[in-house]
Amino acid sequence: PRLPLPLLAAPLAALLAFSPGLLPLSFVAPAEASTFHFSGERPSLGPTKDRYLSMCPKTPNCITTSGDVYVEAYVPPWEYPKGKEMKAAVEDLKAAIGKMPGLVGITAERETNNEFGKGYYVRAEFESNFFGFVDDVEFLFQPDGKTVDYRSAARMGEKDFKVNRTRIKDIRVELQKNGWKSVGFN
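Residues numbered from 1 in each chain as written. Predicted model: local features only at pLDDT ≥ 70, side-chain atom pairs only at ≥ 80, totals over all residues. Heavy atoms only, no water.

> Just checking my understanding: could you explain the state of the cysteines for this structure?
A covalent bond between the sulfur atoms of two cysteines is referred to as a disulfide. A complete count under the given rule lists one disulfide for this structure. Across a sulfur-sulfur distance of 2.0 Å, Cys56 and Cys62 are joined as a disulfide pair. Here the disulfide of Cys56 and Cys62 is left-handed, its torsion about the S-S bond being about -70°. Each member of the pair, Cys56 as well as Cys62, is classed as buried. (Disulfide = S-S within 2.5 Å. Buried < 20%, exposed > 50% of the residue type's maximum accessible area, 1.4 Å probe, protein only.)

> I'm lost on the environment of Arg51 in this one. Help?
On the secondary structure map, Arg51 appears in the loop between helix H1 (5-18) and strand E1 (62-64). Once residues lying within four places of it in the same chain are set aside, the contact partners of Arg51 are Asn114, Glu115, Phe116, Leu140 and Gln142. Among the polar contacts listed, one links the side chain of Arg51 to the side chain of Tyr52, at a separation of 3.2 Å. At a separation of 2.7 Å, a polar atom in the side chain of Arg51 contacts the side chain of Glu115. (Helix = DSSP H or I, 4+ residues; strand = E, 2+ residues; numbered from the N terminus. Contact = heavy atoms within 4.5 Å. Polar contact = N/O pair within 3.5 Å; in protein donor to acceptor, adjacent residues only side chain to side chain.)

> Whenever I open this one, the environment of Pro60 confuses me. Can you help?
With respect to the element layout, Pro60 can be found in the loop between H1 and E1. For Pro60, a relative accessible area of 46% puts it in the partly exposed group. Separated by 102 residues in sequence, Pro60 and Lys162 have C-alpha atoms that sit 8.1 Å apart.

The following block contains the structure:
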């Protein structure tokens, strides 16, 4: 019987990670390009009623500020510095996203408007180097003028070996240079 290719991808990735000499150098993809493209279908994401990001599925390849704080997928939202205009905070975020490896691009951004006021939405896609797995990352600036919710999820598979969690942490560390912080943490 043949196994679906996505089921083979994770074991093959693990094998290659521990066996760097397994492939001839001419076969290794450059850092900016993927050898394979397991991009999956682009999900229809975006804030619900311009107020909430989607919940994560019950798989460990997604993290979000939305939902139950007692589940593994939960992460605290961020706050940008008091007094900073939302427009400047959006630019901080886009600059931080631009420094992350694997960025395909910012695929959506727009103002939001709900019963509490105006906010802003940013969506980016990232692709892994070798296999070309795509992750969708969303950010929602709330109308309170300080809080940013986010969601980061792999399009395919069940495990991501904490790639999404690590990327979000790296973006947060970059934003901390501009005074950003996680809610509940200093």
